[in-house]
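Here is what each chain is made of, one letter per residue.
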Amino acid sequence: RIAVRGKGSSRTKMLFGGDDEEEEPCHVVIRGPTGAAVAKTKALLDILLDFKSAKGEALRAQQRKEGQRINGTLRDDSDALDLQ
């Protein structure tokens, strides 16, 4: 289980206001059945959150594409115009 916590982590509070009782910095809480599962998740999150990493960019692009496929908004690359 992964949860984003801390200041700015709740979109509802940001949109509609309210008491931000948690004044701690934004952070990620990882919980899992074993220490190995938590360590594996942390390693993956470190890659995903490193915006200078080519591997992280590839994973984020893959996730965006999968989200678009699920939402029915994925555009087929063969439909793109070749402007060269």
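This report concerns the structure included in the present document. Position numbers for residues start from 1 in each chain and track the written sequence from start to end. Confidence filtering applies because this is a predicted model: local features only for residues at pLDDT of at least 70, side-chain atom pairs given and counted only at 80 or more, and all residues used for totals across whole chains, interfaces and linings. Each side-chain value is derived from all of the structure's non-hydrogen atoms; neither hydrogens nor water enter the calculation.

Strands are runs of DSSP state E lasting at least two residues, helices are runs of H or I lasting at least four, and both sets are numbered from the N terminus onward. When its secondary structure is counted, the protein chain shows 3 helices and 2 strands. The secondary structure elements of the protein chain, listed N-terminal to C-terminal, are β-α-β-α-α. Categorising residues by exposure relies on relative accessible area from a 1.4 Å probe, with only protein chains included: less than 20% of the type maximum marks a residue as buried, more than 50% marks it as exposed, and the intermediate range marks it as partly exposed. A burial count over the protein chain gives 8% of its 84 residues as buried. In the protein chain, the share of contacts with a sequence separation of at least 24, taken over all contacts with a separation of at least 6, comes to 19%. The protein chains shown are the only cover counted for residues, whose accessible areas, like all others here, come from Shrake-Rupley with a 1.4 Å probe. Summed over its atoms, the accessible surface of the protein chain is roughly 7,400 Å², and 54% of this surface lies on carbon and sulfur atoms. By definition in these notes, contact holds between two residues if any of their heavy atoms fall within 4.5 Å.

Time to look at the pattern of salt bridges. Any two side chains of opposite charge can pair if their charged atoms end up close together. Salt-bridge detection follows one rule: a side-chain nitrogen of Lys or Arg within 4 Å of a carboxyl oxygen of Asp or Glu. Within the structure shown, the criterion is met by 4 salt bridges. Across the salt bridge formed by E57 and R60, the nearest N and O atoms sit 3.2 Å from each other. Placement of the pair is E57 and R60 together in helix α3 (residues 54–71), with a separation of 3 residues, close to one helical turn. Look at R60 and you get buried, because its relative accessible area is 11%. R69 is the salt-bridge partner of E66, the closest N and O atoms lying 2.6 Å from each other. Of this pair, E66 and R69 both sit in helix α3, separated by 3 residues, roughly a single helical turn. One network of salt bridges, in which partners are shared, links E57, R60 and R64.

Right, let's get into the environment of D46. Inspection of the secondary structure assignment puts D46 in helix α2 (residues 35–49). The class for D46 is partly exposed, based on a relative accessible area of 43%. As for D46 and G56, which are separated by 10 residues in sequence, their C-alpha atoms are 8.6 Å apart.

Before going further, it helps to examine the side chain of R60. N or O atoms within 3.5 Å of each other form a polar contact, as long as, within protein, one can give a hydrogen and the other can take it, and as long as residues adjacent in sequence are counted only when both atoms are side-chain atoms. Of the polar contacts made by the side chain of R60, one reaches the side chain of E57; its length is 3.2 Å. Excluding its chain neighbours within four sequence positions, the residues that come into contact with R60 are I47, L48, D50, F51 and S53.

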